[in-house]
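Okay, here's what each chain looks like letter by letter:
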Amino acid sequence: MASAKSTIVQFTPFSSLVQPTFWHELTRVKIDVLRLSEDRLPVAASYSVGRSVTDRETGSEVDLGCHLTLGGEAFQPDPQLPPNSVSCTGTFKNFNTIEEFKAADKTALFNQTADEIWEGIKTTGDVALLNRFLLITFADLKKYKYYYWFAFPALVTKPAWTIGEPGWQGAGDVLGHDVLATAYFLARPASSSSSPSSPYEIAPLSEYAAFFASVPPAAQLVCFVDPSASAQHPGWPLRNVLAFLRARFLNQGAAQSRFGVVEVPADAPPAAAAERPAAVGWERNTQGKLGPRLADLAPMMDPARLADQAVDLNLKLMRWRILPALNLEKVAETRCLLLGAGTLGCYIARTLLAWGVRTITLVDSATVSFSNPVRQPLFEFADCLEGGKPKAQCAADSLKRIFPGVNAQGISLSIPMPGHPIPPGNVEQVKQDVAQLEKLVDEHDAVFLLMDSRESRWLPTVLGKAKGKIVMNTALGFDSYLVMRHGARADSTEPASAPRPTSKLGCYYCNDVVAPADSLTDRTLDQMCTVTRPGLAAIASATAVELLVSVLQHPEGANAPAPPPDFKDDSDEASPYRSVLGVVPHQLRGFLAQFRTLPIVGSAYDRCTGCSEAVRSFLRFLHSILRLLTFLPGRSGHACCRSYARTRKTGFAVLLRAFNEPDFLEALTGLDKLHNEGEAALESVDWDEDDDEM
C-alpha cells in the first residue's frame, strides 16, 4: 500500500552521447550503402550504470548524466558493446535533404516506435523492446555537419507511480553486489532449504508470475540497471519497465533503482489492454527546446583526412544514380608510372588525382624552365629560379600540396634511346638507369609514355610489353593528338583460335617500317619546343586517363578487346567491347582543327621494333636462363650467381647494340629484309617511258 508520505516518481530522461566514430560510420553508410535510399536501418546503442563525481570545491556529488551512447559499431549486426552495459536497438532513418528532414512527419515516426514497444509488451513480452529508440538524421557530407534528433519513447502511466517509505536505499546493501545483474531481473529472499550463497534469488523479468507466485508483495523486487546517477530520480528505462509490469502482472509491488529499493504502489486498476498509453520522449537540444541537434565535425577533423574523404565523396556520388557498378577501388589501387613530367605529365597527374588514384610516380630528367609554368599546371614561377627545380620531384611535391593523401614520388632519370650512342664512360650509368627503369615498371600497374621524342618511348614500350603492364601512349602534334593503349601481352592460357585475341592490338611502333632513330639532333628552335595549340594537351591528357579508367572497368581489364571500325555503339551492355563507362577503343586520334575524334584499331606488326616477339625475346630470355640455372642439379649458389651475372651482362650488351647501332633493330626484327624486298620489287617493275607522252 502507498504511504501518506509517498511522492510521484520523476524520471531522468535519456541524453544522447554520440561518439565521433559514429558520424564517420554514418558517412560510409550514406555513401556506400544508402546512397539515395531513405530506408530505415537498425542501429545499436548502449547505456551503463549512472556515474557521478565529487566537486572538489563543494564536496557535493555531480551527476554525469543519463546517457545513451552510440559508437562506430552502431550499424553492425553484432556490435561489441562496452563491458557491463545494456544493449538497445533503435530505428535509424536518414533524409537526403535538409528540407525533407525538417518536413518529416515526426509524430508518425515517433508513434510507430512507441507502437512497437507496446506491441512487444502486450503480445510477446520481449523485454528487449522496452528500450527501443528512434534516430532521424540529415548528413551534409560536404561540410561534415550532421543534423540529428533522438526520440526515446516512454509509456505514460496514469495515475503516476509513487515512491513510498522507507525511500531510497543502497541496492548493493540490500541485495549484495554478487546478486546484481544487468538489464532487468527479479529478486526475492532465498528460501532456507535452497541454502543459497546469497540471501536473494534472481530470475528473468519475463518469469514474474511464476517467480513471485508465493512471495509477499513487500518482498518482491524488480531490478534494473539504472543509467541515472541521481539519488532521487531513476533513469528513463524504468518507465517502460513499470509499464510492462503494469500491463502484464502488477497491481502492487516494488521496483529497484541502482541506488535504492522503492515501493511503487498501483492504486488504480491495470492499464487497459486494448489501447496504447500515451508516450513521451523526444530529446531536447542544447538550448533546452524540442528540436534537432547539430554535430559539426569539420573543426575537429584532420584537414588531410577531410581532403581524403572529399575526394572519395565526389567519386562515389557517381555510383548513386548513374553508375552503381563503377569499381572505384580498382582505380584507386592502380599504381601509375608517368614517364615525362612536362605538359602531358602534369595534366595526366591532375586527372589521375581527380579519379582517386593514390600512387603516382613521375620520371623526368629536365628542370623547370621559365616557359613551363603557364603550360604545365604543376609548376609555378618560383620553381624556375636558380636554374630550375628538377621537374619530376617538383611535380610530385606539387601533387602532395594539392592532395596530401597521394603517394607521389619524383625520380630524375634519363631513359636510354636507340640512335643515341652511349659513350664508353657512361656505360655503367646507363646500366643503372636501365635497371632502375625496369624496377619502376615492375612496381607499377600502368605506364604512361609522355616523352617529347619518338625514340625515348622505345625501351619503356619493350619493358611494358614484356612485363604485361598497361601501357598508355599520348603524343601531340600542332593541332592533333594520339591517345592509345598498347596491345596486352599474349596470354599463354588464351587459345590460338580466340575470337578476340587482344595481343594482336598494336603498339606505338607497329605502323612504322623504320626503327626509332635520333630525332633530336640538328633541330631548329621551333622543333626543339613543343609547338602545339595550348588547349590540346589538356584534351589529350584527359582522354588518356579516361581510356585507362575504361580499361580498368572492363571485365577483361588490359585484355579488353577494341571495337572494330564498323562497330555501332548501340549501348548494349552485353557487348564485349563495353565497360560500365562505354567502349574501350584501341587508338583515338583527335583533330582540333575539325573538333573531331577518330577511333582506330591498329593490328600488331610481326616486325615491329617495339613489341614483336623478336625484340621482347632478348629481354625475356634473361629470366628464363636464370630459372634454368637455378634448377640445374649439381650447380652451387655461387655458380648460379656467376651465371646470372654473365646473363645480365650479355642482355645489356644487346641493349647497347640497340642504342649504338642504327641498323640493329631493323636487322633484329626483319625490317631490313622488308626494305630489301621493297627495293627488289621496285627494280623488277618494267617502267615504260614514252618521251612523246611526257
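Residues numbered from 1 in each chain as written. Predicted model: local features only at pLDDT ≥ 70, side-chain atom pairs only at ≥ 80, totals over all residues. Heavy atoms only, no water.

A. Region of the structure containing the nonpolar core. If you look at the biggest cluster of nonpolar residues, it comprises 76 residues, and the most contacted ones within it are Phe-22, Trp-23 and Tyr-146. Counting residues in each nonpolar core, the second largest holds 49 residues, with Ala-396, Met-472, Leu-536 and Val-551 among its members. (Core = buried A, V, L, I, M, F, W, Y, C linked by side-chain atoms within 4.5 Å. Buried < 20%, exposed > 50% of the residue type's maximum accessible area, 1.4 Å probe, protein only.)

B. Representation of the environment of Val-483. Note that Val-483 resides in strand β23 (residues 480-485). Sequence spacing of Val-483 and Ala-542 is 59 residues, and the spatial spacing of their C-alpha atoms is 9.8 Å. Setting aside residues no more than four positions away along its own chain, Val-483 makes contact with Asn-473, Thr-474, Ala-540, Thr-543, Ala-544, Leu-547, His-586, Gln-587 and Leu-588. (Helix = DSSP H or I, 4+ residues; strand = E, 2+ residues; numbered from the N terminus. Contact = heavy atoms within 4.5 Å.)

C. A look at the sheet that holds strand β18 (residues 335-339). The strand order β20-β19-β18-β21-β22-β23-β26-β27 describes an open sheet built from eight strands, whose pairing is mixed. The open sheet has two edge strands, β20 (407-412) and β27 (596-600), and neither has a second partner. Neighbour to neighbour, the strand axes of the sheet diverge by 15° on average, direction disregarded. Where β23 and strand β26 (residues 587-591) come together, five bridges link them in antiparallel fashion. When the sheet's bridge partners are listed, Ser-480 is paired in β26 with Phe-591. (Pairing = 2+ DSSP bridges. Axes fitted to C-alpha atoms, helices over the stretch in contact; angles between N-to-C directions.)

D. Layout of the pattern of salt bridges. Per the stated rule, a full pass over the model turns up 18 salt bridges. Two residues, Arg-28 and Glu-25, come together in a salt bridge whose shortest N-O distance is 2.6 Å. A residue pair is termed a helical-turn pair when its members lie 3 or 4 positions apart in one helix, as Arg-28 and Glu-25 do in helix α1 (residues 20-34) at three residues. The partner of Glu-428 in a salt bridge is Lys-431, and the shortest N-O contact between them spans 3.7 Å. (Salt bridge = Lys/Arg side-chain N within 4 Å of Asp/Glu carboxyl O.)

E. View of unusual backbone geometry. Unusually for a residue other than glycine, Asn-84 sits at a positive phi of about 60°. Locating Asn-84 in the fold gives a position in the loop between β6 (67-70) and β7 (85-95). Even without being a glycine, Glu-386 presents a positive backbone phi close to 55°. With respect to the element layout, Glu-386 can be found in the loop between β19 (359-364) and α11 (391-402).

F. Structural context of helix α12 (residues 427-443). Compared with an ideal rise of 1.5 Å per residue, which puts 17 residues at 24 Å, α12 spans 24 Å between its outermost C-alpha atoms and is within 8% of the ideal. Restricting attention to buried positions, one finds in α12 the residues Val-430, Asp-433, Val-434, Leu-437, Glu-438, Leu-440 and Val-441. Projected down its long axis, α12 shows its buried positions confined to an angular sector of 160°, all on one face. (Expected span 1.5 Å × (residues − 1). Arc of directions from axis to C-beta.)

G. Region of interest: the packing of aromatic side chains. On inspection of all chains with the given rule, the structure shows 20 aromatic pairs. Taken together, a centroid distance of 5.1 Å and an interplanar angle of 70° make the contact between Phe-22 and Trp-23 edge-to-face. With relative accessibility at 0%, the residue Phe-22 sits in the buried group. Both rings, one in Tyr-208 and one in Phe-212, keep their centres 5.0 Å apart while their planes meet at 90°; by these two values the pair is edge-to-face. Pair check on accessibility: Tyr-208 and Phe-212 agree, each one buried. When the ring centre of Phe-211 is taken as origin, the NZ or CZ atom of Arg-188, which lies over that ring, is 4.0 Å away. A cation sits over an aromatic face here: Arg-457 above Tyr-508, 5.3 Å from the ring centre. (Phe/Tyr/Trp six-rings, centres within 6.5 Å; stacked < 30°, edge-to-face > 60°. Lys NZ or Arg CZ within 6 Å of the ring centre and 35° of its normal.)

H. Highlighting the environment of Met-451. With respect to the helices and strands, the residue Met-451 is situated in the loop between β21 (446-449) and α13 (458-466). For the pair Met-451 and Thr-343, spaced 108 residues apart in sequence, the C-alpha to C-alpha distance is 9.7 Å. Non-local contacts of Met-451, meaning those with residues more than four positions away in its chain, are made with Leu-339, Ile-415, Ser-456, Arg-457 and Pro-460.

I. Quick peek at the side chain of Thr-532. If you trace the backbone, Thr-532 turns up in the loop between α14 (525-528) and α15 (536-553). Among the polar contacts listed, one links the side chain of Thr-532 to the backbone oxygen of Gly-477, at a separation of 2.8 Å. Within the structure, the side chain of Thr-532 is placed 3.2 Å from the backbone oxygen of Phe-478, a separation counted as a polar contact. Every residue in contact with Thr-532, bar those within four places of it in the chain, is listed here: Leu-476, Gly-477 and Phe-478. (Polar contact = N/O pair within 3.5 Å; in protein donor to acceptor, adjacent residues only side chain to side chain.)

J. Spatial organisation of the confidence of the model for the chain. Averaged over all residues, the pLDDT of the chain equals 84, while 83% of them reach at least 70. Low pLDDT, under 50, characterises residues 492-501; the predicted model gives this stretch eight contacts beyond four residues in sequence or across chains. Scored below 50 in pLDDT, residues 625-637 makes nine contacts in the model with residues more than four places away or belonging to other chains. (pLDDT = per-residue confidence, 0-100.)

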